[in-house]
Structures are given as C-alpha cells and as structure tokens.
Amino acid sequence: MPCWGIVTWNCMISALSQYGEVDLAKEIFDAMPEQSIVSWNAMMNGFVQNGFVEEARGLFGQIPERGIISWNAMIQACGTAGRVDDATRVFDLMPARDVISWTALSTALVNSGDLEGARCCFDRMPRRDVVAWNSLLTGFANKAMAGDATDLFQKMPFWDSLSWNSIAQAFAETGDLATAKEIFAWMPSTNIFSWTILLAACAQAGSFEDSRALFDDMEQRNARDVTAWNAIVAACARNGRFDRAERFFWVMAARDVISWTSMIAVLAQSGQIDRARLVFDEMPDKDLAAWNAMISAHAQHGDPRSALKLFRLMDLEGVHPDEITYVCALDSCSTLAS
C-alpha cells in the first residue's frame, strides 16, 4: 500500500486477531504512530477472543481516556469470548452505565445459556431499546421457550423483523408448525430469514409437501440461500427421499460445511456408502463432523478396515479426534478382533 491510515492499522489488528495471531497484532498496535479509541478496543477484543483476558485487562488499564465506550467494548469482548464472569465483573466496576452496557451484559448472559440471569439483568435495566428486547427474545427462541418468548413479545413496545423472526422460531423449535405458520402470515414484511425459519420448521415436522411448496415460493421471491437449500435436503432425508436429497445437493449454487456433512450423513444412513465416500472426497474442507460421519458409516456397515484407514488418514491430515471418533475406531477394532 502506498500509505497507511489509522483505519488500515485498525483493520490489521482485527484481522490478525481473528486468525489467532494475537502477538503479531500486538506488534502492529505498538508500532502505530497514533492510536485511537478504536485501536485500543480492537486490541482488547483481540486479546479476549484468543483467551488472553488478563492481557486485555492490563491494556484496558492503560487506555489514556477510558470512557464508557471502552468499558462497553470490554464487556462485549468478554461476552463474545464466552467469559461471562469477566463481563459481569467489568460491568460491576463501571462508574456509569448506558443502555449499551446493560444490553451487552444481558447478551453475554443469553449467549452463555443463563437465561434466568439475563432476565434479571433485563428487568433491572432503567431503559431498554429494541436490541435489548430482541436479545432476550432470541435467547428464549433458541431454547424453544415459546411461552416465555410469547410473554416477552406481547410486552414489547414495538417489533422489528428480528422480533417477528424470533417469535416464529420459538414455535418452530417446539414443533408447533401451525402457530409458526400463523405468525409468518401475520408478519408485516418477510425476509430470507423468515422464509428459512418456516421452511426448517416444515422440514422438522416431516411435512415434505409444505417444505417443497415453500422452497418453490422462495425461488419466485429470490429468497433462497444456503440455509434454505440445507433445509430442503433435510426435509427430503426425513421423508426417506434420499435420491431427491442428493439431486438437490448437487444442484446447489453454493454449499457450506453443513451442506457437505449433512449429505454424507444422509447417504451413509441410507446405506449408499460409495456415494457418501464420493461426496466426502469432493468436500473441499473436511471438518471433524464429516470425518466422524464417514468413519461411523464404514464401521456400522461392516467395513471396519476402511473405518480404521480413515481414522489414520484423519490423523495424518491433522484433524484431532473426539470421543465419537474413538468409539467408532474401537468398535472397528472389536469387529476385527484386533
């Protein structure tokens, strides 16, 4: 680059931190001719993201003008890294708080699964914005707590698209497809997430015809994304239409790791092991779930030697096994009386 502005320096700190190169990010930070509050916050966030909470605290103490933005950034960084206890301690030490402070702590509690603590924090808020309401509502939806979600939704002073999508998801997660459909019909406007939530609900309920009709409707509205494609593949699989699931998979415009892993699992479940292996071999970036699905398929369908060959290949590729991998490998050894 011919020249570097402060935005360039800040972007480098954030990018290196995301890739785990926190030491190099700190070198960049120290080499900056001048740091802004964004620079300090980016470096703090980088430390917390990579598990260096004490370093983040030390940096926080060095900020020349530590205003409420820095305090909030520290809470958000701890919350993003799953360090909810640290987020709470920072919150308790704050000399003054605003709605962002309260919302950051509530969101950290929601993301950690402590919905009771998040609700207590929410009830103590002197003022709430739509982000605070939606954060708690989303937490209830993800846990399929439809009753709590409905109660909160009805008390909200106003709703945006995330509010509507969250309440629809709450009923979809409980398997109440009829209510999810009603909410979808009441929505003042829908987006790709609304359609995908309902499609996933139909797939989960085993309603293939509804799933297919929605999927076709989404094409007319240009509302298909990779999540929608994954949902229709899942709907086919749940109804035993494995060939159709595979056809949908191969015509997808784009695939993510869920697409590949799900397809391997579907083919393995249906006993078409060679086709599952074909998909596995085509997969560009194999994650642990994909390796486990393929090893398990060979182990369960009477080919323990291939399962153990994959187990060794996985090790050579640098993918670390988990308990599922070990169970499949040990099962294969048992079958071979080895």
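Going by what an unreviewed UniProt entry lists, the protein chain is known as Pentacotripeptide-repeat region of PRORP domain-containing protein and is assigned to Selaginella moellendorffii.

Trainee: Quick one: what's the story with the overall build of the protein chain, residue by residue and with numbers?
Mentor: In terms of regular secondary structure, the protein chain is built from 21 helices and zero strands. Seen along its three principal axes, the alpha-carbon backbone of the protein chain occupies a region of about 65 × 50 × 45 Å. The proportion of buried residues among the 338 residues of the protein chain is 43%. Considering only intrachain contacts with a sequence separation of at least 6, the fraction spanning at least 24 residues in the protein chain is 50%. Surface exposure of the protein chain reaches about 17,500 Å², of which carbon and sulfur atoms provide 53%. Placing the 27 positive and 42 negative side-chain charges of the protein chain at their respective mean positions leaves the two points 3 Å apart.

Trainee: How would you explain unusual backbone geometry if you had to name every residue and give the values?
Mentor: Unusually for a residue other than glycine, Ala144 sits at a positive phi of about 60°. Inspection of the secondary structure puts Ala144 in the loop between helix H9 (130-142) and helix H10 (146-155). Ala144 gets classed as partly exposed once you look at its relative accessible area, which sits at 28%. Within the chain, Ala337 stands out as a residue other than glycine whose phi angle is a positive 55°. Relative to the elements of secondary structure, Ala337 occurs in the segment after helix H21 (323-335).

Trainee: Run through the environment of Gln169, naming residues and quoting values.
Mentor: Residue placement: Gln169 occurs in helix H11 (residues 161-173). Here the alpha-carbon distance between Gln169 and Met44, two residues 125 residues apart in the chain, equals 34 Å. In contact with Gln169, not counting residues within four places along its chain, are Ala141, Asn142 and Ile197.

Trainee: So what's going on with the nonpolar core? Which residues, and what values?
Mentor: Soluble, globular proteins show a tendency: their nonpolar side chains are buried together. Counting residues in each nonpolar core, the largest one holds 109 residues, and the members touching the most others are Ile13, Met43, Met263, Ile264 and Met294. It is helix H15 (residues 226-238) that contributes the most residues to this core, eight residues altogether.

Trainee: Run through helix H20 (residues 304-316), naming residues and quoting values.
Mentor: Taking 1.5 Å as the rise per residue, H20 with 13 residues should run 18 Å; its terminal C-alpha atoms sit 19 Å apart, in good agreement. Restricting attention to buried positions, one finds in H20 the residues Pro304, Ala307, Leu310 and Met314. Angular distribution of buried residues about the axis of H20 spans 115°; they occupy a single face of the element. For H20, exposure combined with an orientation more than 90 degrees from the buried face picks out Arg305, Lys309, Arg312 and Leu316. If you follow the buried residues of H20, they end up packed against helix H18 (273-282), helix H19 (288-300) and H21.

Trainee: Can you tell me about the packing of helix H16 (residues 242-251) against H18, naming the residues and giving the values?
Mentor: Where H16 contacts H18, the two axes come as close as 13 Å, and the packing angle between them is 20°. Considering their axes alone, H16 and H18 lie roughly parallel with respect to each other. The crossing of H16 and H18 is left-handed. Residues Asp243, Glu246, Phe249 and Trp250 of H16 form the contact with H18, whose own contacting residues are Arg275, Val279 and Glu282.

Trainee: Requested: an account of the state of the cysteines, with residues and values cited.
Mentor: Going through the model one piece at a time under the given rule, you end up with zero disulfides. Of the cysteine sulfurs around Cys120, a residue in no disulfide, the closest is that of Cys121, at 8.8 Å. Residue Cys120 is classed as partly exposed on the basis of its relative accessible area, which comes to 45%. With no disulfide of its own, Cys328 lies 11 Å from the sulfur of Cys333, the closest cysteine sulfur. For Cys328, a relative accessible area of 11% gives the class buried.

Trainee: Which residues make up the packing of aromatic side chains, and what values do they have?
Mentor: With the rule as written, the count across this model stands at 14 aromatic pairs. An angle of 80° between the planes, with centres 4.8 Å apart, marks the rings of Phe60 and Trp71 as edge-to-face. With Phe60 in helix H4 (residues 53-62) and Trp71 in helix H5 (residues 68-80), this pair connects stretches of sequence that are 11 residues apart. Judged by relative accessible area, Trp71 falls into the buried class, the value being 10%. The ring of Phe91 has Arg97 lying over it, and the distance from NZ or CZ to the ring centre is 4.2 Å. A cation sits over an aromatic face here: Arg255 above Phe249, 4.7 Å from the ring centre.

Trainee: Give me the lowdown on the UniProt feature "repeat: PPR" (unreviewed entry) in the protein chain, citing residues and values where you can.
Mentor: The residues that UniProt annotates with the feature "repeat: PPR" (unreviewed entry) are residues 5-35, 36-70, 98-132, 191-221, 225-259 and 287-321. In residues 5-35, the share of helix is 74% and the share of strand is 0%. The end C-alpha atoms are 11 Å apart. Secondary structure over residues 36-70 splits into 74% helix and 0% strand, and the C-alpha atoms at its two ends are 11 Å apart.

Trainee: Tell me about the pattern of salt bridges, residues and numbers included.
Mentor: In the structure shown here, the tally under the stated rule is eight salt bridges. The salt bridge partner of Asp123 is Arg119, with a shortest N-O separation of 3.4 Å. Here Asp123 and its partner Arg119 are both found in helix H8 (residues 115-124), four residues apart, which amounts to about one turn of the helix. For Asp123, a relative accessible area of 46% corresponds to the partly exposed category. For Lys155, the salt bridge is made with Asp151, and the minimal N-O distance between the two is 3.2 Å.

Criteria and thresholds
Residue positions within a chain follow its written sequence, with the count starting from 1. Local features are withheld for residues below a pLDDT of 70 in this predicted model, meaning they are given only at 70 or higher, and side-chain atom pairs are given and counted only at 80 or more; totals for whole chains, interfaces and linings count all residues. Each side-chain value is worked out from all heavy atoms of the structure, with water and hydrogens disregarded. Numbering goes from the N terminus for both helices and strands, where a helix is a DSSP run of H or I of at least four residues and a strand is a run of E of at least two. Throughout, exposure labels follow a simple rule: accessible area from a 1.4 Å probe, protein chains only, divided by the maximum for the residue type, with under 20% read as buried, over 50% as exposed, and the rest as partly exposed. By definition in these notes, contact holds between two residues if any of their heavy atoms fall within 4.5 Å. For the area figures, the Shrake-Rupley method with a 1.4 Å probe applies, and any residue is considered shielded solely by the protein chains shown. We treat Lys and Arg as the positive residues and Asp and Glu as the negative residues; His and chain ends play no part in the count. In plain terms, the charge of a residue is placed at NZ if it is Lys, CZ if Arg, CG if Asp and CD if Glu. Here, nonpolar core refers to any group of buried Ala, Val, Leu, Ile, Met, Phe, Trp, Tyr and Cys residues whose side-chain atoms link them within 4.5 Å. The span one expects for a helix is its residue count, reduced by one, times 1.5 Å. This arc is built from the directions going out from the helix axis to the C-beta atoms. Fitted lines through C-alpha atoms give the axes, limited to the stretch in contact for helices. The angle between two N-to-C directions lies from 0 to 180 degrees. Throughout, the term roughly parallel applies to angles under 35 degrees, roughly antiparallel to angles over 145, roughly perpendicular to angles from 65 to 115, and oblique to all others. Left-handed describes a crossing whose near helix is turned anticlockwise from the far helix by less than a right angle; the clockwise case is right-handed. Whenever a pair of cysteine sulfur atoms sits within 2.5 Å, that pair is classed as a disulfide. The pairing test for Phe, Tyr and Trp rings, Trp by its six-membered ring, is centres within 6.5 Å, and the orientation test on the planes gives stacked under 30 degrees, edge-to-face over 60, and tilted for anything in between. Two conditions define a charge located above a ring, namely a distance within 6 Å from the ring centre to NZ of Lys or CZ of Arg, and an angle within 35 degrees of the ring normal. UniProt positions are given in the numbering used here, feature names are shortened, and annotations may be inferred rather than shown by experiment. In what follows, salt bridge is the name for a side-chain nitrogen of Lys or Arg lying within 4 Å of a carboxyl oxygen of Asp or Glu.

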